[in-house]
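Topology and contacts: notes
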Amino acid sequence: YSPDGDELTVLENVSKDMSRVETLAKDIGRHVLGVDVKVRFVKEKDWPYLATYGASGNLTFNVGTLGKSWFRPDNLQNILDLIIHEFGHQYESNHLSKNYYNALTMIGSKVAMLALQEPEIFDMMK
């Protein structure tokens, strides 16, 4: 995240639940943001972020902080909450700005409409 920053430990082998969350995030990114999202999972217990997203379409989940059980299908509401939070950064980096707030409400409404129109996208058991 900075030229002099430490490299993150990227997980090569991910669980089936993590793979489902990756697919969900990519589907939401494509339908809601119009972006081909690239997802990676890192294991950094000392890194203070649950996840990060950059306007370039890179979404990173920190399994070191979230834990592997966080990706379970029965945690869908929290998963969507974090994805929507991170995708707000497609439009604004500042969490305290009106633009960020507006981005979150717009994304949330589009996710709700997507769930109504294509509910299979949200089936975490597939």
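Structural data are supplied above this passage.
Residues numbered from 1 in each chain as written. Predicted model: local features only at pLDDT ≥ 70, side-chain atom pairs only at ≥ 80, totals over all residues. Heavy atoms only, no water.

Let us now look at the overall build of the protein. Along the protein, the regular secondary structure elements total four helices and three strands. The helix and strand sequence of the protein, counted from the amino end, reads α-β-β-β-α-α-α. Rg of the C-alpha trace for the protein: 14 Å, near the compact-globule value of 14 Å for 126 residues, within the 12% margin. Referenced to the eigenvectors of the C-alpha coordinate spread, the extents of the protein come out at roughly 40 × 35 × 20 Å. Classification of the 126 residues of the protein by burial places 42% in the buried group. Sequence-distant contacts, at least 24 apart, represent 49% of the contacts inside the protein between residues at least 6 apart. When the accessible area of the protein is evaluated, it comes to approximately 7,400 Å², of which 50% is carbon and sulfur surface. In the protein, 13 positive and 17 negative side-chain charges are present, and the distance between their average locations comes to 4 Å. (Helix = DSSP H or I, 4+ residues; strand = E, 2+ residues; numbered from the N terminus. Rg over C-alpha atoms; globule rule 2.2 N^0.38 Å. Buried < 20%, exposed > 50% of the residue type's maximum accessible area, 1.4 Å probe, protein only. Contact = heavy atoms within 4.5 Å. Areas by Shrake-Rupley, 256 points an atom, 1.4 Å probe, with all protein chains shown as cover. Lys, Arg positive; Asp, Glu negative; His and termini not counted. Charge placed at Lys NZ, Arg CZ, Asp CG, Glu CD.)

Attention now goes to the packing of aromatic side chains. Counting across every chain of the model gives seven aromatic pairs. Here the aromatic rings of F41 and F61 are separated by 5.6 Å at their centres, their planes lie at 20°, and the arrangement is stacked. Here F61 lies in strand 3 (residues 58-62) and F41 lies in strand 1 (residues 38-42), a separation of 20 residues in the sequence. A relative accessible area of 0% places F61 in the buried class. (Phe/Tyr/Trp six-rings, centres within 6.5 Å; stacked < 30°, edge-to-face > 60°.)

Let's shift gears to helix 3 (residues 76-87). Given a rise of 1.5 Å per residue, 12 residues ought to cover 16 Å, and the 16 Å separating the end C-alpha atoms of helix 3 matches this to within 8%. Residues of helix 3 that are buried make contact with helix 1 (16-33), strand 2 (51-54), strand 3, helix 2 (63-66) and helix 4 (98-117). (Expected span 1.5 Å × (residues − 1).)

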